[in-house]
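Letter by letter, the chains look like this.
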Amino acid sequence: MNEIIEDIIGEIDADLEFQPRAFPPVFCAFKAAVNAVAVACRDAGPVDEVIAAQRTYDMSVGSTCEKAFGLFAENMLLAIAI
């Protein structure tokens, strides 16, 4: 899963890879958000509510994290709908 998270972050902000101090906080926050959504899906929980809560949290971390989570959430909701 770490590789997927890194790929999504890289897709949103390719320059972040060259900022070693900036990458870990974004990675950790985004990974926590992804894990929360995965748990909600696994446990048949309120996925929409979890996504909304994580969007709010990721906005506080920064725009890269917010955009990365937005891309992940959009794809996750499409996958669930299929």
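Residues numbered from 1 in each chain as written. Predicted model: local features only at pLDDT ≥ 70, side-chain atom pairs only at ≥ 80, totals over all residues. Heavy atoms only, no water.

Taken as a whole and judged by the stated rule, the model has 3 aromatic pairs. Look at Phe69 and Phe72: their rings are 5.9 Å apart centre to centre, the planes differ by 40 degrees, and that puts the pair in the tilted class. In this pair, Phe69 and Phe72 are both assigned in helix H4 (residues 63-81), 3 residues apart and thus about one turn of the helix distant. Phe72 shares its class with Phe69; the two are buried. Following the ring pairs from residue to residue traces out a cluster consisting of Phe30, Phe69 and Phe72. (Phe/Tyr/Trp six-rings, centres within 6.5 Å; stacked < 30°, edge-to-face > 60°. Helix = DSSP H or I, 4+ residues; strand = E, 2+ residues; numbered from the N terminus. Buried < 20%, exposed > 50% of the residue type's maximum accessible area, 1.4 Å probe, protein only.)

Let's shift gears to the packing of helix H2 (residues 23-42) against helix H3 (residues 47-61). Packing of H2 against H3 leaves a shortest axis separation of 9 Å and a crossing angle of 175 degrees. Classified by the interaxial angle, the pair formed by H2 and H3 is roughly antiparallel. Residues Pro25, Ala29, Ala32, Ala33, Ala36, Val37, Ala40 and Cys41 of H2 pack against Val47, Val50, Ile51, Gln54, Tyr57, Asp58 and Val61 of H3. Across the contact of H2 with H3, the residue classes break down as 13 nonpolar, 1 polar and 1 charged. (Axes fitted to C-alpha atoms, helices over the stretch in contact; angles between N-to-C directions. Parallel < 35°, antiparallel > 145°, perpendicular 65-115°, else oblique. Contact = heavy atoms within 4.5 Å. Nonpolar A, V, L, I, M, F, W, Y, C, P; charged D, E, K, R; others polar.)

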